[in-house]
Amino acid sequence: MAEITAALVKELRERTGQGMMDCKKALTAAGGDIEKAIDDMRAAGAIKAAKKAGNIAAEGSIAVKVADDGKAAVIVEVNSQTDFLALQDDFKAFVAASLEKAFADKLTDAAPLVAAQESAREALVAKCGENVNIRRLTRVEGDVVGAYLHGHRIGVLVTLKGGSVELAKEIAMHVAASNPQFLSPSQVSEEAIAKEKEIFLALNADKIAGKPENIVENMVKGRIGKFLAEASLVEQPFVKDPEVKVGDLAKKAGAEIVSFVRYEVGEGIEKAEVDFAAEVAAQLAASQQ
């Protein structure tokens, strides 16, 4: 059996990112064959990743990339179990590589990206001790595409007909801050309007009681009109100049807003209730595996 030297352990650590004792054990089990040790550690990593797969990953990062010509962009969400991991270099590198892959291959769905990045994901899970998932991606193409990334938690893509990339980015910043639900009032579904009406009537039951039907109808219309303005991007007051609606801002620049995509980390994922002490204990336990 080959001698397990410090240099051999160091090389295995550099190639796998695993701890010194884990590397020494793997080399000993592999009889000093570093390639076999790597294969064995990768297999063990896949097992660890499978065990972590059931853990809720509702933290993570959003990443965006815009083509140099400003006519295409992609946005991805990669989840982790803790925000702590989302700030670490290994996780950031995985997100960056996933984004580049999605952009280069012009992917429009997360499934092929998940498949392509599975080995790298398993290696990251084995190293960090947390579940990691590529959750979703969107690719957009158009006359003008702009993007805005707020930290690592909110990302927005805006597509315009006419205008400039700078204008698209300004509108994307507004979308990040105001979180509109729809592009325009015409896109608001009847179901959404009916739900808003139901909520309004329930919350104002005391005020409505005993009032004539036409008065109640006008009150409802007023509330629905306000709802449409608040929920629709083109009707919202621009955050940098509340005197101007976002739709009018675009028109003044000779542009039309075609679409927007807004991602926020973990939205729609049911998060587990874990207290801070338990979370720290879990991280310490994971780091010793």
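This report concerns the structure included in the present document.

What counts, and where the lines are drawn
Residues numbered from 1 in each chain as written. Predicted model: local features only at pLDDT ≥ 70, side-chain atom pairs only at ≥ 80, totals over all residues. Heavy atoms only, no water. Phe/Tyr/Trp six-rings, centres within 6.5 Å; stacked < 30°, edge-to-face > 60°. Lys NZ or Arg CZ within 6 Å of the ring centre and 35° of its normal. Helix = DSSP H or I, 4+ residues; strand = E, 2+ residues; numbered from the N terminus. Contact = heavy atoms within 4.5 Å. Pairing = 2+ DSSP bridges. Axes fitted to C-alpha atoms, helices over the stretch in contact; angles between N-to-C directions. Buried < 20%, exposed > 50% of the residue type's maximum accessible area, 1.4 Å probe, protein only. Salt bridge = Lys/Arg side-chain N within 4 Å of Asp/Glu carboxyl O.

Attention shifts here to the packing of aromatic side chains. Tallying each qualifying case throughout the model produces zero aromatic pairs. One Lys or Arg, arginine 136, reaches over the ring of tyrosine 263 and ends 3.9 Å from the middle of that ring. Against the face of phenylalanine 103 rests arginine 139, its NZ or CZ located 5.6 Å from the ring centre.

Next up on the list: the environment of valine 145. Position of valine 145 among the secondary structure elements: in strand β4 (residues 144-150). When the C-alpha positions of valine 145 and valine 165 are compared, they lie 6.0 Å apart, and in sequence the two are 20 residues distant. In this view, valine 145 contacts Val66, Gly70, Lys71, Ala72, Ala73, Val140, Val158, Thr159, Val165 and Ala168; residues no more than four positions away in its chain are not counted.

With antiparallel pairing, the three strands of this open sheet are ordered in space as β1-β2-β3. Edge positions in the open sheet fall to β1 (59-66) and β3 (132-141), since each of these has one partner strand only. For this sheet the average axis-to-axis angle between neighbouring strands, irrespective of direction, equals 15°. Pairing between strand β2 (residues 72-80) and β3: nine bridges, direction antiparallel. By the bridge assignment, glutamate 77 is partnered in β3 with arginine 136.

Attention now moves to the pairing of β4. Most of β4 sits inside the fold, with five of its seven residues counted as buried. Where β4 meets strand β5 (residues 154-161), seven bridges bridge the pair, whose relative direction is antiparallel. Directly across from tyrosine 148, in β5, lies its bridge partner valine 156.

Per the counting criterion, the structure on display carries 17 salt bridges. Here arginine 153 ties to glutamate 59 by a salt bridge, and the two come within 2.9 Å at their closest N and O atoms. In this pair, arginine 153 is assigned in the loop between β4 and β5 and glutamate 59 in strand β1, connecting sequence segments 94 residues apart. Exposure remark for arginine 153: the relative accessible area of 27% places this residue in the partly exposed category. Residue lysine 240 is joined to glutamate 170 by a salt bridge in which the shortest nitrogen-to-oxygen separation is 3.0 Å. Taken together, the positions of lysine 240 in the loop between β6 (237-238) and β7 (241-245) and glutamate 170 in helix α8 (residues 165-178) put the pair 70 residues apart, joining distant regions of the chain. Here the residues in one salt-bridge network are Glu77, Arg135, Arg136 and Glu267, joined through shared partners.

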